[in-house]
Amino acid sequence: MQCANLTLSYEAKADVQSFPIVCIDVKNSVAEELLWLEQISKGESQALERLMEKWEDSLYRFFYRSLSHHADSQDLTQKTFLRVYKAAASYVPKAKFSTWLFTIARNLLIDEIKKRNRFKTSEVMEETHPVEDFGDEARIRDWREILEHSIRGIPENQRTALLLRVQQEWSYAEIAKVMKANEQMVKTWIHRARQVLKSKINDLIARGEL
Amino acid sequence: MKTENKEDELLDDFLRAENLRNQRTVSANEIIALGKGSVRDKWSRRLQLFGPLAIAACVTLVFIFDFKEDAVQRSGGESLEETTLDLSEAGLLEDMMLLSPEINEFFAISEDSALEMLVMLEHKMK
């Protein structure tokens, strides 16, 4: 019963059959991160190391898909952990740790976007990922670049909602919590973002680039 | 998450970007050092900003307090028992108290009356 309550409160996505397993995972994960945060607040670097190992790629992907800039994404990932370290002592587990983590990440992302808009360097400073990371075929790199460009053109709220949905596989309720919006708005944002990107993919297919 | 068609699948693969990995440039120790440093910086910035303000506020308070005390003393706020006048001051005060009614009366009378008085005094002196 305690387990079921915990799962429900964190809105874990699971069907009836896998329910107990998912429930245990969520419970362990929550307990693990709470323990790490307590240790981090005492200045234990090993706990922060573990937390970073677990979350750095997720954060980096989130930032990279939003900014298409390798160094900035690295920098924001690092800043997120810095904020986690500073706030670890005052952390109150009101929601899932990941909700808190991505709230911090999103705030940093918004600050970065504002900074970019102020200095108007978005086009000049954009950096593409090395070719070898996407494979050897130049055309694959091209369609990815086209999509990267398209995703940057989407409003931040639509893009973030879509990324949290696809990358983190969050429920609409969880996304709404991070974005301080209601579920219906989140659904609309995701739908709009998908429409834009899918139409771009359709164009690429029609041109024979995909 | 289930995908509906090819476009959705392509899009989700692209968004997940599972081939991307963070190439970490700082360790947990460095982040902790940065965190401690920024906390120290924050306090030193606060000290730099509020230190002079606090000193100025203290000086102002001391000045106001001192000024108030002085004003109370001047306005006779202190008791009569505490008031001590030396002999010369007491004599001066006595003279002033004696003189002031005469002066007041002198200035209170009209110019004609004053002239008449002067004439009478002259007459008497002769």
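The structure this text deals with has already been given above.
Residues numbered from 1 in each chain as written. Chains lettered and ligands numbered in written order. Predicted model: local features only at pLDDT ≥ 70, side-chain atom pairs only at ≥ 80, totals over all residues.

*Asks:* How would you explain the overall build of chain A if you had to name every residue and give the values?
*Replies:* A tally of helices and strands in chain A yields eleven helices and zero strands. Classification of the 210 residues of chain A by burial places 32% in the buried group. For chain A, the share of sequence-separated contacts (at least 6 apart) that also reach a separation of at least 24 residues comes to 59%. (Helix = DSSP H or I, 4+ residues; strand = E, 2+ residues; numbered from the N terminus. Buried ≥ 20, exposed ≤ 12 C-beta atoms within 10 Å, placed from the backbone. Contact = placed C-beta atoms within 7 Å.)

*Asks:* Describe the interface of chain B and chain A, with residues and values.
*Replies:* The interface of chain B with chain A comprises 23 residues on the first partner and 31 residues on the second. Listed by contribution, the elements that provide at least two residues to the side of chain B that touches chain A are α1 (6–16) and α2 (28–74) of chain B. Examining the composition of the side of chain B that touches chain A, we find that seven residues originate from one element, α1(B), more than from any other. For the side of chain B that touches chain A, the residue count by class is twelve nonpolar, six polar and five charged. (Nonpolar A, V, L, I, M, F, W, Y, C, P; charged D, E, K, R; others polar.)

*Asks:* Talk me through unusual backbone geometry; I want residue IDs and the actual numbers.
*Replies:* Residue and element names in this part refer to chain A. The residue E169 is not glycine, and still its phi comes out positive at about 55 degrees. You can see E169 is positioned in the loop between α9 (156–167) and α10 (172–179). For K180, which is not glycine, the phi torsion reads 50 degrees and is therefore positive. Assignment of secondary structure puts K180 in the loop between α10 and α11 (183–206). On the neighbour-count criterion, K180 (9 C-beta atoms within 10 Å) is exposed.

*Asks:* Residues and numbers for α10(A), please.
*Replies:* Residue and element names in this part refer to chain A. Of all the residues in α10, the buried ones are E174, I175, K177 and V178. Buried residues of α10, seen end-on, are gathered within an arc of 155 degrees and therefore sit on one face of the element. Buried residues along α10 sit against α5 (97–119), α9 and α11. At the C-terminal side of α10, K180 shows a positive phi close to 50 degrees. (Arc of directions from axis to C-beta.)

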